[in-house]
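# Results of the structural survey
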Amino acid sequence: MMAATLFLCIVTLCTLMFIQITARPTTFAEDFKAAWSESHIRQVDGGKAIQLVLDQSTGCGFSSKRKYLFGKVSMKIKLVPGDSAGTVTAFYMNSDTDTVRDELDFEFLGNRSGQPYSVQTNIFAHGKGDREQRVNLWFDPSLDFHTYSILWSHKHIVFYVDDVPIREYKNNQAKNIAYPTSQPMGVYSTLWEADDWATRGGLEKIDWSKAPFYAYYKDFDIEGCPVPGPANCPSNPHNWWEGYAFQSLNAVEARRYRWVRVNHMVYDYCTDKSRYPVPPVECHA
């Protein structure tokens, strides 16, 4: 009887722990809110999906209601179709702190019709960013929904496109390389106009005759340690994202990662000698 009771208590504790660190909203409103221009955010299918709108008056954006410290966030996004030059659809995490901010960015850079969509990733750690990498997507992301994810653990940060890793940033604090470990981050997404830099460095301007521009989101999934929340959650080694299987890329992921970098990477700050005659230290870590 005592053994059965102990087993039941362990199961109950594990279940409660899972509930505390996992948030899988069935609707947008459950875990997210409008951050700006709420009139340009339209709920679809009873709130299970949303449409962001960009026109000449404004873009728009939304954010999570809570912040998180470590975990994984995912969204399915269908990007702006057709001539989307000058538009940026962003999906990112941000500590929302002034000078010493941490941030993990997906920025989808609009294109002229027929040209590939580029996704730019960037990482801010302890207030320092300028770590841009750009990849041309190997499919048309405006034709259907695709899953974009950010895994953030004590070991590394990985950006995924449909479970294909396109970027890995390892925790090399032992080598005095900044890594976000202490500031919880919210989850954000925006659709906005940035034709001064977004497409071919600003050479391609937005064509407002094609407006309004639309991006669609669904299947919002946040699995992480909410802050405020259980104080021991962020340091718990039993969180699934801290498990051995997730501490590095597995063999299949490593092969896909190499394929992306060889065939689809179009910019890497580490090799930009005009910006960095001496590559930043993390490029060799």
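These figures come from a predicted structure and were not determined experimentally. (Residues numbered from 1 in each chain as written. Predicted model: local features only at pLDDT ≥ 70, side-chain atom pairs only at ≥ 80, totals over all residues. Heavy atoms only, no water.)

### Points about the packing of aromatic side chains
Applied cut-off: Classification of ring pairs uses Phe, Tyr and Trp, with its six-membered ring standing for Trp, and accepts pairs whose centres are within 6.5 Å; under 30 degrees between planes counts as stacked, over 60 as edge-to-face, and the remaining range as tilted. Strands are runs of DSSP state E lasting at least 2 residues, helices are runs of H or I lasting at least 4, and numbering of each runs from the N terminus. Only protein chains enter the accessibility calculation, which uses a 1.4 Å probe. A residue is then buried if its area is under 20% of the maximum for its type, exposed if over 50%, and partly exposed in between.
The final tally for this structure, using the stated rule, is 21 aromatic pairs. Residues F32 and F62 carry aromatic rings whose centres are separated by 5.6 Å and whose planes lie at 85° to one another, so their mutual orientation is edge-to-face. Of this pair, F32 sits in strand 2 (residues 32-36) while F62 sits in strand 5 (residues 60-64), placing them 30 residues apart in sequence. You'll find F32 and F62 in the same group, each marked buried.

### Observations concerning the pattern of salt bridges
So the rule is basically this: Salt bridges are defined by distance alone: a side-chain nitrogen of Lys or Arg within 4 Å of a carboxyl oxygen of Asp or Glu.
Taken as a whole, this structure holds eight salt bridges when the rule is applied. Its salt-bridge partner being R112, residue E204 comes within 2.8 Å of it at the nearest N-O pair. Of the two residues, E204 sits in the loop between strand 14 (186-193) and strand 15 (213-227) while R112 sits in the loop between strand 8 (103-109) and strand 9 (118-124), which places them 92 residues apart along the sequence. On the accessibility criterion, E204 (17% relative accessible area) is buried. Among the residues examined, R112 registers a relative accessible area of 22% and is labelled partly exposed. With a shortest N-O distance of 2.9 Å, R131 and E282 are connected by a salt bridge. Of this pair, R131 sits in the loop between strand 9 and strand 10 (133-136) while E282 sits in the segment after strand 16 (265-268), and the two are 151 residues apart along the sequence. Residue class for R131 comes out buried when judged on its relative accessible area of 4%.

### Here we look at unusual backbone geometry
Most peptide bonds are trans, and most residues other than glycine sit at a negative phi. Each neighbour pair has its own omega, and for A211 with P212 the value is 0°, a cis peptide bond. Its location among the elements puts P212 in the loop between strand 14 and strand 15. Here the bond from V227 into P228 is cis, since omega is 5°, no more than 30 degrees from zero. Looking at the secondary structure, you find P228 in the loop between strand 15 and helix 3 (251-263). Of note, the phi angle at D45 is positive, near 55°, even though the residue is not glycine.

### Observations concerning helix 3
We apply this condition: Multiplying one less than the number of residues by 1.5 Å gives the expected span of a helix. Only heavy atoms matter for contacts: two residues are in contact if any of them lie within 4.5 Å across the pair. Throughout this description, a polar contact denotes any pair of N or O atoms lying within 3.5 Å of each other; where both atoms belong to protein, one of them has to be capable of donating a hydrogen while the other can accept it, and for residues adjacent in sequence the pair is counted only when both atoms sit in side chains.
The terminal C-alpha atoms of helix 3, which comprises 13 residues, lie 18 Å apart, in line with the 18 Å expected from a rise of 1.5 Å per residue. Where helix 3 is buried, its residues meet strand 10, strand 12 (156-161), strand 13 (164-170) and strand 16. Where helix 3 begins, one side-chain oxygen reaches toward the backbone nitrogen of V252, 3.1 Å away; that side chain belongs to N250.

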